[in-house]
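One letter stands for each residue in the lines below.
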Amino acid sequence: MPGTAQKKDHRAKFHAARDKHNVAQLPRKRFYRQRAHANPFSDHALEYPVSPADMDWAKYYPDYVADTDADGASSGRPRPLKQNVEIVDIGCGYGGLLVALSPILPDKLMLGLEIRSQVTAFVQERIYALRKQHQDKSGSGNGGTYQNAACIRANSMKFLPNFFRKAQLSKIFICFPDPHFKARKHKARIVSATLNSEYAFALRPGGLVYTITDVEALHGWMVEHFEAHPAFERVPEEEAEADPCVAVMRAETEEGKKVARNNGLKLVAVFRRREDPPW
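Residues numbered from 1 in each chain as written. Predicted model: local features only at pLDDT ≥ 70, side-chain atom pairs only at ≥ 80, totals over all residues. Heavy atoms only, no water.

Per an unreviewed UniProt entry, the recorded name for the protein is tRNA (guanine-N(7)-)-methyltransferase, and the organism is Cordyceps fumosorosea. Recorded under Subcellular location (unreviewed entry), the UniProt text for the protein is reproduced unchanged: "Nucleus". A UniProt comment under Sequence similarities (unreviewed entry) is attached to the protein, and it reads "Belongs to the class I-like SAM-binding methyltransferase superfamily. TrmB family." (UniProt positions renumbered as here; feature names shortened; annotations may be inferred.)

Now the structure itself:
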């Protein structure tokens, strides 16, 4: 496996060649590999906005920047988008789900959240290359497939409300999360009573949380915790299986492909955000 210095040297050459020849080369995963999981309680020196209003989405979705007047441009506030980010893949890994969903849901802005720096860099380069390839094929140089997908480095367990307003999201994906088998590590699971309340805050009524894992114990844990939460109800299996996003989630994530090669289980559960009760 390449060492850190070799990885940095490769990426420097990759960026230089890309910029010089204006080509759209897909990054090589072997130069971006990192440990499979990261401790969400560690200090990862992350950057995050004080509030959703302070997040500058324009650099991630340049084709969706809204037209602003001179006063708005000089206010120092982030440039607004024409529409909000609506779909989030928590722990997006190497971006397989984002890349597959982008052309299927072309009118929705989607975002991958990944805590590992090397993996985040890979997904960002992958999306950049795919955007460039599509533009090159169309000859337009503007707009096109994959413009609606992006990835940022973030710790969802700590900072999700810093990025998203109440009821902003329509879909949240949690694909093959770290099972944290030991009981003392269960507090690090991405599904819990506390975190489910944050998902309920960010999801609009009728919004969906999609979960998939190959670990039966973790599947049971996620089902138990979502069903116990007053803001969620489980979507019937027939309805879930008819959802095209479930088919993409099963087939297109890197972990999903690995599980398929090993003839493993893919346990899916989908949960719907209930309407808030009248006050």
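Chemist: Can you lay out helix H5 (residues 156-163) for me, pointing to particular residues and giving the numbers?
Modeler: The α-helix winds at 3.6 residues per turn, so residues separated by three or four positions along the chain end up facing the same way. Within H5, six of the eight residues are buried, leaving the element largely enclosed by the surrounding structure. Where H5 is concerned, the buried positions are Ser156, Met157, Phe159, Leu160, Asn162 and Phe163. Check the buried side of H5 and you find it contacts strand S1 (85-90), strand S2 (109-114), strand S3 (149-153) and helix H6 (193-202). Between a side-chain oxygen at the N-terminus of H5 and the backbone nitrogen of Met157 the separation is 3.1 Å; the capping residue is Asn155. (Buried < 20%, exposed > 50% of the residue type's maximum accessible area, 1.4 Å probe, protein only. Helix = DSSP H or I, 4+ residues; strand = E, 2+ residues; numbered from the N terminus. Contact = heavy atoms within 4.5 Å. Polar contact = N/O pair within 3.5 Å; in protein donor to acceptor, adjacent residues only side chain to side chain.)

Chemist: Please set out the packing of aromatic side chains residue by residue, giving values where relevant.
Modeler: For the coordinates displayed, the defined rule picks out 11 aromatic pairs. Centre to centre, the rings of Tyr94 and Phe122 are 5.2 Å apart; their planes meet at 80°, and the pair counts as edge-to-face. One end of the pair, Tyr94, is in the loop between S1 and helix H3 (96-104); the other, Phe122, is in helix H4 (residues 117-138), and 28 residues separate them in sequence. With respect to class, Tyr94 is no different from Phe122; both count as buried. (Phe/Tyr/Trp six-rings, centres within 6.5 Å; stacked < 30°, edge-to-face > 60°.)

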